[in-house]
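Observations on the three-dimensional arrangement
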Amino acid sequence: MLTLLDQLDKGTLWRSPGGIHPPEVKFLSNTTPISQLPLAQEYLVPVPQVGENCTLAVKVGDKVLKGTPLTQGTSIWHLPVHAPTSGTVVAIEPRASNHASALPVNTCVIAADGEDRWCELTPGSIELSNHEMIAKIHGAGIAGMGGAAFPSHIKLNPVSEIELVIINGVECEPYISADDRLMREYSQDILAGIGVIHRLLAPKRIVIAIEDNKPEAIKAMQQAVSHSTLPAGSTRVTVIPTKYPSGGEKQLIQIITGREVPSGSIPAKLGIVVHNVGTAFAIHQAVTQGKPLIERVVTVTGQNVGKPGNYWLPIGTPVEHVLKHTEFNAEADQKVIIGGPMMGHALPTIQVPILKGTNCILVPSSQEIGTTPEEKACIRCGECANACPALLLPQQLFWHAKAEEYDKAASYNLKDCIECGCCSYVCPSDIPLVEYYRIAKSALKQAADEKHQAERAKLRFEARIQRLEEEKLAREAKAKEAAARRQATMTSTDKDAVAQAMARIAAKKAAAAETTADNTPVEVVAADASSTEAPKGKAAVAAAIARAKAKKAAAAAQGADEAESSQQAVSSVQTASSEPSEPTEQSESLSQKDKVAAAIARAKAKKAALKADSDANGDTDIATDNTDKPATETTANAEVDDKKAKIAAAVARAKAKKAAAQQAESSEVTEVLPEHTADAKPESTNDSDDESGNKSSLDAEPSASLSPEDEKKAKVAAAVARAKAKKAAAQQAESSEVTEVLPELAADAKPESTNESDDESDSATKPNASLSPEDEKKAKVAAAVARAKAKKAAAQQAESSDVAEVQPEQAADAKPELNDESGNELSSATEPSTSLSPEDEKKAKVAAAVARAKSKKAAREANANSDANE
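Per an unreviewed UniProt entry, the protein carries the name Ion-translocating oxidoreductase complex subunit C and comes from Shewanella decolorationis. Under the UniProt heading Sequence similarities (unreviewed entry), the entry covering the protein gives this text: "Belongs to the 4Fe4S bacterial-type ferredoxin family. RnfC subfamily."

Next up on the list: the pairing of strand S12 (residues 295-301). Among the seven residues of S12, six are classified as buried, and the element is accordingly described as predominantly covered. The pairing of S12 with strand S13 (residues 309-314) spans six bridges and is classified as antiparallel. Bridged to Thr 299 within S13 is Asn 310. In the sheet, S12 pairs with strand S16 (residues 360-362) via three bridges, with the strands oriented parallel. Residue pairing for S16: Val 300 is matched across the bridge by Ile 361.

Tallied over the entire structure, the rule returns six aromatic pairs. With a centroid separation of 6.1 Å and an interplanar angle of 85 degrees, the aromatic rings of Trp 77 and Phe 150 are classed as edge-to-face. With Trp 77 in the loop between strand S5 (71-72) and strand S6 (87-96) and Phe 150 in the loop between helix H2 (130-139) and helix H3 (152-155), this residue pair connects regions lying 73 residues apart in the sequence. Consider the rings of Phe 398 and Trp 399, whose centres lie 5.2 Å apart with planes at 50 degrees: the pair is tilted. Overall, Phe 398 belongs to the buried group, its relative accessible area being 3%. On the basis of relative accessibility, which here comes to 31%, the residue Trp 399 falls in the partly exposed class.

The sheet built from four strands is open, its strands ordered S10-S9-S8-S11 with parallel pairing. Each edge of the open sheet is held by one strand with a lone partner, namely strand S10 (235-240) and strand S11 (272-276). Across this sheet, the average inter-strand angle for adjacent strands is 25 degrees, counted without regard to direction.

Before going further, it helps to spend a moment on the pattern of salt bridges. On inspection of all chains with the given rule, the structure shows 19 salt bridges. Here Arg 438 and Glu 419 are joined by a salt bridge, their closest N and O atoms 2.9 Å apart. Residue Arg 438 is found in helix H15 (residues 433-489), and its partner Glu 419 is found in the loop between helix H13 (406-411) and helix H14 (422-426); the two are separated by 19 residues along the sequence. Salt bridges here are not isolated pairs; linked through shared partners, they connect Glu 419, Glu 435, Arg 438 and Lys 441.

Attention now moves to helix H5 (residues 187-201). Over its 15 residues, H5 runs 21 Å from end to end, which matches the ideal 21 Å to within 8%, given 1.5 Å per residue. Within H5, 11 of the 15 residues are buried, which leaves it mostly tucked inside the rest of the structure. By the burial criterion, the buried members of H5 are Ser 187, Ile 190, Leu 191, Gly 193, Ile 194, Gly 195, Val 196, Ile 197, His 198, Leu 200 and Leu 201. Among the residues trailing H5, Ala 202 stands out with phi positive, at a value near 50 degrees.

Looking now at the sheet that holds S13. Read from one edge to the other, the open sheet built from six strands follows the order S1-S13-S12-S16-S14-S15, with strand pairing classed as mixed. At either end of the open sheet lies a strand with only one pairing partner, and these are strand S1 (35-36) and strand S15 (345-346).

Time to look at the pairing of S10. Both faces of the sheet carry side chains from a regular strand, because those side chains alternate between them. Relative to S10, strand S9 (residues 205-211) runs parallel, the two sharing six bridges. The partner of Ile 210 across the bridge, within S10, is Val 239. A crossover connection joins S9 to the parallel S10 through helix H6 (residues 215-227); in handedness this β-α-β unit is right-handed.

Moving on to unusual backbone geometry. Of note, the bond from Tyr 244 into Pro 245 is cis; its omega dihedral lies within 30 degrees of zero at 5 degrees. The residue Pro 245 is located in the loop between S10 and helix H7 (249-257) in this model. One non-glycine residue with positive phi stands out, namely Asp 116, at about 55 degrees. Mapped onto the fold, Asp 116 is located in the loop between strand S7 (104-112) and H2. The backbone of Asp 430 sits at a positive phi, close to 55 degrees, despite the residue not being glycine. Position of Asp 430 relative to the elements: it lies in the loop between H14 and H15. Its relative accessible area of 29% is what places Asp 430 among the partly exposed residues.

With that settled, consider the side chain of Asn 276. Relative to the assigned elements, Asn 276 resides in strand S11. In this structure the side chain of Asn 276 is engaged in a polar contact, spanning 2.7 Å, whose partner is the backbone nitrogen of Gly 278. The residues contacting Asn 276, other than those within four sequence positions of it, are Met 145, Gly 146, Ile 167, Asn 168 and Asp 179.

Here is what the cut-offs are and how they apply
Residues numbered from 1 in each chain as written. Predicted model: local features only at pLDDT ≥ 70, side-chain atom pairs only at ≥ 80, totals over all residues. Heavy atoms only, no water. UniProt positions renumbered as here; feature names shortened; annotations may be inferred. Buried < 20%, exposed > 50% of the residue type's maximum accessible area, 1.4 Å probe, protein only. Helix = DSSP H or I, 4+ residues; strand = E, 2+ residues; numbered from the N terminus. Pairing = 2+ DSSP bridges. Phe/Tyr/Trp six-rings, centres within 6.5 Å; stacked < 30°, edge-to-face > 60°. Axes fitted to C-alpha atoms, helices over the stretch in contact; angles between N-to-C directions. Salt bridge = Lys/Arg side-chain N within 4 Å of Asp/Glu carboxyl O. Expected span 1.5 Å × (residues − 1). Right-handed = clockwise from strand over helix to strand, strands pointing away. Polar contact = N/O pair within 3.5 Å; in protein donor to acceptor, adjacent residues only side chain to side chain. Contact = heavy atoms within 4.5 Å.

Rendered as C-alpha cells:
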C-alpha cells in the first residue's frame, strides 16, 4: 500500500464533494501584465487593533515615510500596519470600513506628498535564524493574501510537526486572476518565499497546487521549481481539475491528500499547512529585502471598467481612486463588489480603502449580474445540500437562521460553512442563503463576545476582591508589627501608664456591672411588696414585671405622701393668712408651701374632688380644727422636704390635665362665695373676718347647724355648681386667679361694704405682699399661667361665677341674723332661698347682672391683678 508521500509524488488526487462550475470570465483581466496606478492624494489605513493589543506610533501632524510603522505592540496577535507612501498624518478618526455594513473603524488618514520615499530598510538573508526570520515576518505585518488575512507568523511557528506544505495557486473564484498573473511574472520570487517557508517548517513535501485553467502559470512555476535550490524531490507542482470552490483550504487538502479536516480543528493538527502564493511572495520581500506588506496585486475587472487588469495597489488606497483611474463607467443602481461574484460583498460606498485581504474589485454591468431576483419559498428540492462542499445541510441552517434560532443553527455546524455561495447559486427559489448564514454567524459571534466580556469582568471582580483582602491582611500585619515595635521600645513609665489606664477601664466595667446587680434586687423587692412573687426560673420575665410593678407602687406611695403634704400646705396657708401679726412665720410657711402647693393642688384634683364632695355633704369638723390650730403647729406641718416637693410637683404637672374637670368645682365654690357673704353681713365680727380669710376651711366645711331641708338644698346647689364647673374644666384658671378677680367685682357691686370686708378684699388681692424672693418667682410663674388661661376660660367662667355669686347674696338677705362664729360662706352658698322678699330678690338679680357684666372685665384685668400679686 502506497503511503501519502508516495501518492503525492505520483500526483494522485481525490475527489471533493459538492462544488459547481460557474462561468470563469478570467479573460477580462489575465491577458495584461500587472501595472501601477498613480498615487492617490490621501490614503486611508485602518488601525482596528488599536486599543486592543497595540497602540498608535504616530499622531496627527507627523511626517511619515513609506514603510513607517503606524502601530506598535507586543502581542502575538498584533499585526503591524505601515504607511503605504510618504506624507503627513492629517487625521486619526473613524471612517467607513471595507465591509458590507460600512461600519466606521478607526482610520489613520495620510496625505501623500507625491515623493513616495521609503524609510530605511534592513535587508536579510537565508542565513538568519528561524527566530529572526519569524520576527521579520511579524514585523512586516504579513497576513494571508488569499482572503482570510490570518497572521502568517503564527502559521509559520506551529506547535506540531509539519509534514506537508501546500502552496495555494488554485484561484477558483470567477473573474479573479491576481494569483495567475503573479505566478506568471514573479515565479522566482514565489519560489524564494517557499524556500523560507521550507527553512522554518522543514516539511517532507511541498505541493504547489494550480487549477488546469492556468497553463501559463503552471509552466512558469514548474520552471521555477526546476531552477530552485530546494531539496530535489521535495517540491512539485500539482495540477487539479477546475471546480469551484477547490481553492478553499479544507477542500484543497481533501483533494491533495484525501484527508478531511475535523470540524472545529485546523490543518496543522494533521501536519499540514496551507499558504497562498501571494503570501509566499510577501515573505520573500520581508526576509530578503526587509520590505513590509504595504501593497498587493488586485484584479480590477467587469464590463463597466474601461481598463480591466491587475494592479499593484498600496494598502489604504481608496476604491474611488482605483475606479477613477481604470475608466469606471457607472450605471444606474451600479454595484461595486469587493471580491469575486461568489464570495464577494457589495460596497455601500466607494470611500473605503484596499485591505491586505482585498484581491478583486468587480464592477459588473447589468447584463453580467442582472437584477436581484425576488426571494421565493423553499421547495425542499435538496440542490443546496448536493452542492455544499462542506457536506452541511443548508436547508436546515436556513430555517433556523430565518427563525433566529441561532443556537440550533450552530448545532448543525454553521461555523464550518465557508460562505462559498454554491447553495445560493443553485437555489431555484433564489433564496440568498449565504446572507442568512452570515447574519447568524454575526449574531453568534456577538453573543460569544458578550459572554467573554462578562467572564473577564467576573475575573476582574474576583481579582479585585482578592487584592482588597490581601491589602487588608497586609495592613493588619503592618499594624501588628508596629504595635510589637512600640511594645518593644516602650519604657517602664509608659508601661505603667498603659497598665493604669487598663485598670481604670476594668474598674469602670466592674462598677457598672455591680450597679446593675445592685439595682435588680431592689426592683424585685419593690415589686414583691406590691404584687405576688415572680415565678422562679424565668428571671428575665420576672425582672421586667418587677420593674413595672415597682414603678406603679412608687407612684402610688408618692401620691399618698403628696396628698398629705397638700392638705398640710393648704392648712398652713389658711392659718398664715388669718394671723397677720406673725409675718416672719407666714413668709417661712409660704416658702415651704409654694414648692408643692401650686402644682400638687392641680395634680391631685381627682382626690380633692372626692374630698370636696364629702365636705359639701356636711363634713365641717376639719375647718373648725384648722381654725383652732396654733400658728406654730401649722408652721411645723407645712415644713415639707424640698426634694420630695420637687418630685411631687413634677408628678402633679403630669396629672394636671386629667384632674382639671374635678378640680374646678372645689376651687370655684370655695373662692367665690366668701366675698358675697361678707357683703351681706356688714355687722360681722373680727372672728368672722378671720374665718372668711381662711378659704380652704370654708371650702371644705359647710355649717354643721343646717336643718335637714337646708342640707338637702345645699346638696342640690353643690351638684348644680359641680355640673356647671365641668363645662369650664379644661380652661379653668387656678384658684389664686379667681380669688384675685372676684373681690374687686364684689366691691364694685357693694360700695357700702364694711372695713372688715375691704380688708378682706385687699388681703385677697395682695396675698403675697411679704413673700420671699423664691415665693415671688413662683407667683410670677403662676401669674403667667393665669394670663394664658384667662382668655379661654372667660366664657365658661362667667356662667359658673353667676351661680356662685347669686346664691350667697340670696342666702345673706334671707338670714341676716346668722351667728358670727358660724360665718361659713359655704352654708349660705348651699342654701338657695325659697322665700326671698321683693327687695332681696331685686338685690340678687342686680348682683347676678353685675357678676355677668364683670366677667369679661375679669379676663382683661387678669394681667393687672397678677402684677399686683407680684
